[in-house]
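If you want the building blocks of each chain, they are given just below.
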Amino acid sequence: MIKVLYFFLILFSSNNLYSNTNISHAISMHGDPKYEENFLNLEYIDTDSIKGGSIVRSAIGTFDSFNPFILKGTAAAGVGALYETLTTGSSDEAFTEYGLLAESIEWPDDRSWVSFEIRKEARWHDGEKISADDVIWTFNTLMEKGHPFYKYYYGDVSEVIKEDELKVRFNFKNNTNKELVLIVGQLPVLPKHYWKDKNFEETTLEIPIGSGPYKIKTFDSGRSITYELNEEYWGFKNNIPIKIGKDNFGTIRYDYYKDRGIEREAFKSGEIDFFSENSSKEWATSYSIDAVEKGLIVKELIQHENPQGMQGFAFNLRKDKFKDRRVRKALSNAFDFEWSNKNLFFDAYKRTDSFFENSELASSGLPSKDELKHLNPYFDILPNEIFSQEFKNPVTDGSGYMREQLQEAVELLKESGWQLIDGKLIDPSTQENFSFEILLRSPAFERIVFPFKDNLEKLGINVEVRTIDSAQYQKRLESFDFDMVVQSFSQSLSPGNEQRSFWGSDAADTNGSRNIIGIKNYAVDGLIDSLINAKDRQELITVTKALDRVLLWNYYVIPQWHISSYRVLYWNFFDQPKIKPKYSLGFDTWWVNNNKFEQVRTNRTSN
């Protein structure tokens, strides 16, 4: 009898040794990988691409560190790409991870653990083999000393075990976090031997040892950094399929500029080779120049199918004045998107109506029966409108007169206890005027914020707009030292553990977390758990829509706008594959055409 009980204890243990295990070159969140075992290359690369040539890119601000994995310091542009990950995704699938450092991936059907067999060819830049010890040291170090993001992203990992020199296993606290088997493969692996005598928590400008196709060639502290292609890169020498046709530029230099205006002019004068334009005004008005008309500069609008996430004016709920949902809703009535789009943006944008905009994950209409199954348990703490109304942003006629919207805002502010006295919105308990600061890091955004400020002042609210440099801005963001900022919350087609860092209660009090808003909402936490534990793709979509409704109806942000295209400009010496990836620009698949380069360089100099 005792032997029988012992047998069943083993059979039904959390890491069930008798469950089916899978060994593969790739793993998908739902369904099968697009590219089967022994695939030769991705569809959106060109096998005839050429490696070589030099390009110049740009960045804003400055840098003081080559360690991008900690909260302290400002990391140099591109430095994170020095390190390969166990797996990497493709840009034409929703969520599939293919072996990179890992030759194979092994996991049970219940996804309670995952192990990775590291390629014997994988090497650090100094020639040493990458091992299981490196993976284990990296994970433990990032969890203990790294950016707070890692603690939320990998919080359900219970332990990392060395199975042999080239095999490492991640055990999980439970078998409900279905995406964990994929996202642990995204772990950047760092060299244990390099860091053994160094303080990982400090910034450093000592050139690090990586494992990727690029190494740091030279740098001018805070001003520029140049990467060179590593001819001994193990991924190229061994024809790793996921890397074929990528990373083609011989050298990549990032030059730093004080602001976007100076950066833009540097591109037009030929000091920068590739530029991504984020201003609709500049896109429409700043490129009627000879270089564009002569074809020396290509101005291209490239469509994509990426979720747009949410960009908006983000409230800091840690401030008492923003704790009342009615106040946040009132302030959202003061943003006139239609006027801004017409007068500032050349009608280039669409209003963002979802935290998962431009995807099947976005909510619309009223909740479905399946969504209600996830919302009803929180009925008593959710806004009533979730169950009876479709969320819609305020809409104006674009004339600039928004009497109706502002009147509604006044009523909401009165309901929440504020009083309008002699044109000022007053807190009757303190007699203080409602005032706050909108913090910006780019002067280009001031023209957008000032009309919003004017409308708020019509409500009796005193608003200060302050623009600071990017380093100061980042520090204040990390310490939650702000009232309101303009913030983007990017999303993927397969949201999961990162949602805890965006909106989870535990992250609200952790400096450096992505929960800059300070959301502490039991319903949000529960829906995030349901999302992470979704049993299939359809349930993931359903729960995400439910979460979207809760975020929208709580007015945590004032939604702004989006565009489903990349606005790119580049000097015309690049070649690129004929097939474009659905979910990225694919710039890492482009290459330099040497003949075009010589022609452009000659004409650029003469201009």
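Just so you know, these numbers come straight off a predicted model, no measurement behind them.

Caption draft 1: Focus on the side chain of His-25. Relative to the elements of secondary structure, His-25 occurs in the loop between strand S1 (21-24) and strand S2 (26-28). The exposure class assigned to His-25 is buried, which follows from its relative accessible area of 15%. A polar side-chain atom of His-25 sits 3.3 Å from a polar atom in the side chain of Ser-24. Polar contacts involving the side chain of His-25 include one to the main-chain carbonyl oxygen of Glu-36, which spans 3.4 Å. For His-25, the residues in contact, after removing those within four places along its chain, are Tyr-35, Glu-36, Glu-37, Phe-39, Glu-97, Tyr-98, Gly-99, Glu-103 and Ile-105.

Caption draft 2: Structural context of helix H14 (residues 403-415). Between the first and last C-alpha of H14 there are 19 Å, a value that for 13 residues agrees with the 18 Å anticipated at 1.5 Å per step. Within the sequence span of H14, burial applies to Gln-405, Leu-406, Ala-409, Leu-412 and Leu-413. Considered in projection along H14, the buried side chains sweep an arc of 115° and stay on one side of the axis. Exposed and oriented more than 90 degrees from the buried face of H14 are Arg-403 and Glu-404. In this structure, the buried side of H14 is in contact with helix H10 (325-332), strand S18 (424-427) and helix H15 (446-458).

Caption draft 3: Inspection of the packing of aromatic side chains at higher detail. One pass over the structure, following the stated rule, counts 54 aromatic pairs. Directly above the ring of Phe-480 sits Arg-318, whose terminal nitrogen or CZ lies 3.6 Å from the centroid.

Caption draft 4: Local environment of H15. A rise of 1.5 Å per residue sets the reference length of H15, with its 13 residues, at 18 Å; its end C-alpha atoms lie 18 Å apart and thus fit the reference within 8%. Along H15, the positions that sit buried rather than exposed are Ile-448, Val-449, Phe-452, Lys-453, Asn-455 and Leu-456. Buried residues of H15, viewed axially, fall in a sector of 165°; they line one side. Where H15 terminates, the next one or two residues include Gly-460, which has phi positive at roughly 85°.

Caption draft 5: Seen up close, the packing of H10 against H14. At a minimum axis distance of 8 Å, the contact between H10 and H14 shows a crossing angle of 165°. What the angle tells us is that H10 and H14 run roughly antiparallel. The chirality of how H10 crosses H14 is left-handed. Note on element contacts: H14 touches H10 through Glu-408, Ala-409, Leu-412, Leu-413 and Glu-415, opposite Arg-326, Val-327, Lys-329, Ala-330 and Leu-331. Residue composition of the contact of H10 with H14, grouped by class: six nonpolar, no polar and four charged.

Caption draft 6: Looking closely at the environment of Phe-482. The residue Phe-482 is located in the loop between helix H16 (470-478) and strand S22 (484-489) in this model. Looking at Phe-482, the relative accessible area reads 2%, which means it is buried. Note: C-alpha distance between Phe-482 and Ile-438 (44 residues apart in sequence) is 7.7 Å. Apart from residues lying up to four places away in sequence, Phe-482 is in contact with Ala-314, Asn-316, Lys-319, Leu-439, Arg-476, Leu-477 and Ile-516.

Caption draft 7: Expanded view of the layout of surface pockets. Space inside the second largest pocket adds up to approximately 330 Å³. Lining the second largest pocket are 17 residues, and of these His-25, Asn-38, Glu-103, Arg-119 and Pro-241 lie nearest its centre. The set of elements that each furnish at least two residues to the lining of the second largest pocket consists of S1, strand S5 (96-99) and strand S6 (102-108). A per-element tally of the lining of the second largest pocket places S6 first, with three residues. Taken together, the residues that form the lining of the second largest pocket break down as seven nonpolar, seven polar and three charged.

Caption draft 8: Spotlight on the sheet that holds strand S10 (residues 214-220). Taken together, the four strands give an open sheet; going across it, the order is S3-S12-S11-S10, and neighbouring strands pair in mixed fashion. Each edge of the open sheet carries a strand with a single partner, namely strand S3 (52-60) and S10. Taking each pair of neighbouring strands and ignoring which way they run, the sheet shows an average axis angle of 20°. Sheet topology places S10 next to strand S11 (residues 224-229); six bridges connect them, and they run antiparallel. Its bridge partner lying in S11, Lys-215 is registered against Glu-228.

Caption draft 9: Geometry of the sheet that holds strand S20 (residues 435-440). An order of S21-S20-S22-S15-S23 is seen for the five strands of this open sheet, with the pairing classed as mixed. In this open sheet, the two edge strands, each paired with only one partner strand, are strand S21 (462-467) and strand S23 (557-559). Put simply, the sheet's adjacent strands are angled 35° from each other on average, direction ignored. Relative to S22, S20 runs parallel, the two being bridged by two bridges.

Caption draft 10: View of the pairing of strand S9 (residues 167-172). By the criterion of burial, S9 is predominantly enclosed, with six of the six residues buried. Side-chain alternation along S9 places Lys-167, Arg-169 and Asn-171 on one buried face and Val-168, Phe-170 and Phe-172 on a second face that is also buried. As paired strands, strand S8 (residues 157-164) and S9 are joined by six bridges and run antiparallel to one another. For Val-157, the partnering residue across the bridge sits in S9 and is Phe-172.

Caption draft 11: Structural view of the pattern of salt bridges. If you walk through the whole model with that rule in mind, you get 32 salt bridges. Close ionic contact of Glu-202 with Lys-72 constitutes a salt bridge, the shortest N to O distance being 2.7 Å. Taken together, the positions of Glu-202 in the loop between helix H5 (192-195) and S10 and Lys-72 in the loop between S3 and strand S4 (87-89) put the pair 130 residues apart, joining distant regions of the chain. Notably, a salt bridge pairs Glu-277 with Arg-264, separated by 2.8 Å at the nearest N-O pair.

Caption draft 12: Quick look at the confidence of the model for the chain. Scored by pLDDT, the chain has a mean of 94; 96% of the residues are at 70 or more. In the predicted structure, residues 1-18 sits below a pLDDT of 50 and forms eleven contacts with residues beyond four places in sequence or in another chain.

Caption draft 13: Main features of the side chain of Asn-554. Along the chain, Asn-554 falls in the loop between helix H19 (537-553) and S23. At 2.8 Å, the side chain of Asn-554 and the backbone oxygen of Val-550 are in polar contact. Not counting the four nearest positions on each side in its chain, Asn-554 is found in contact with Arg-325, Arg-328, Pro-383 and Asn-521.

Caption draft 14: Structural view of the packing of helix H18 (residues 522-532) against H19. At a minimum axis distance of 9 Å, the contact between H18 and H19 shows a crossing angle of 160°. If you check the angle between H18 and H19, you find them roughly antiparallel. Along this stretch, H18 crosses H19, giving a crossing that reads as left-handed. Touching Val-524, Leu-527, Ile-528, Ser-530 and Leu-531 of H18 are Leu-540, Val-543, Thr-544, Ala-546, Leu-547, Val-550 and Leu-551, all from H19. By residue class, the composition of the contact of H18 with H19 is ten nonpolar, two polar and no charged.

Scoring rules and cut-offs
- Residues numbered from 1 in each chain as written.
- Predicted model: local features only at pLDDT ≥ 70, side-chain atom pairs only at ≥ 80, totals over all residues.
- Heavy atoms only, no water.
- Helix = DSSP H or I, 4+ residues; strand = E, 2+ residues; numbered from the N terminus.
- Buried < 20%, exposed > 50% of the residue type's maximum accessible area, 1.4 Å probe, protein only.
- Polar contact = N/O pair within 3.5 Å; in protein donor to acceptor, adjacent residues only side chain to side chain.
- Contact = heavy atoms within 4.5 Å.
- Expected span 1.5 Å × (residues − 1).
- Arc of directions from axis to C-beta.
- Phe/Tyr/Trp six-rings, centres within 6.5 Å; stacked < 30°, edge-to-face > 60°.
- Lys NZ or Arg CZ within 6 Å of the ring centre and 35° of its normal.
- Axes fitted to C-alpha atoms, helices over the stretch in contact; angles between N-to-C directions.
- Parallel < 35°, antiparallel > 145°, perpendicular 65-115°, else oblique.
- Left-handed = near helix turned anticlockwise from the far one by under 90°.
- Nonpolar A, V, L, I, M, F, W, Y, C, P; charged D, E, K, R; others polar.
- 1 Å grid on protein atoms, 1.4 Å probe; cavity = no way out; pocket = protein on both sides within 12 Å on 5 of 7 lines; lining within 4 Å.
- Points joined across faces, edges and corners; volume = space filled by probe spheres on them.
- Pairing = 2+ DSSP bridges.
- Salt bridge = Lys/Arg side-chain N within 4 Å of Asp/Glu carboxyl O.
- pLDDT = per-residue confidence, 0-100.

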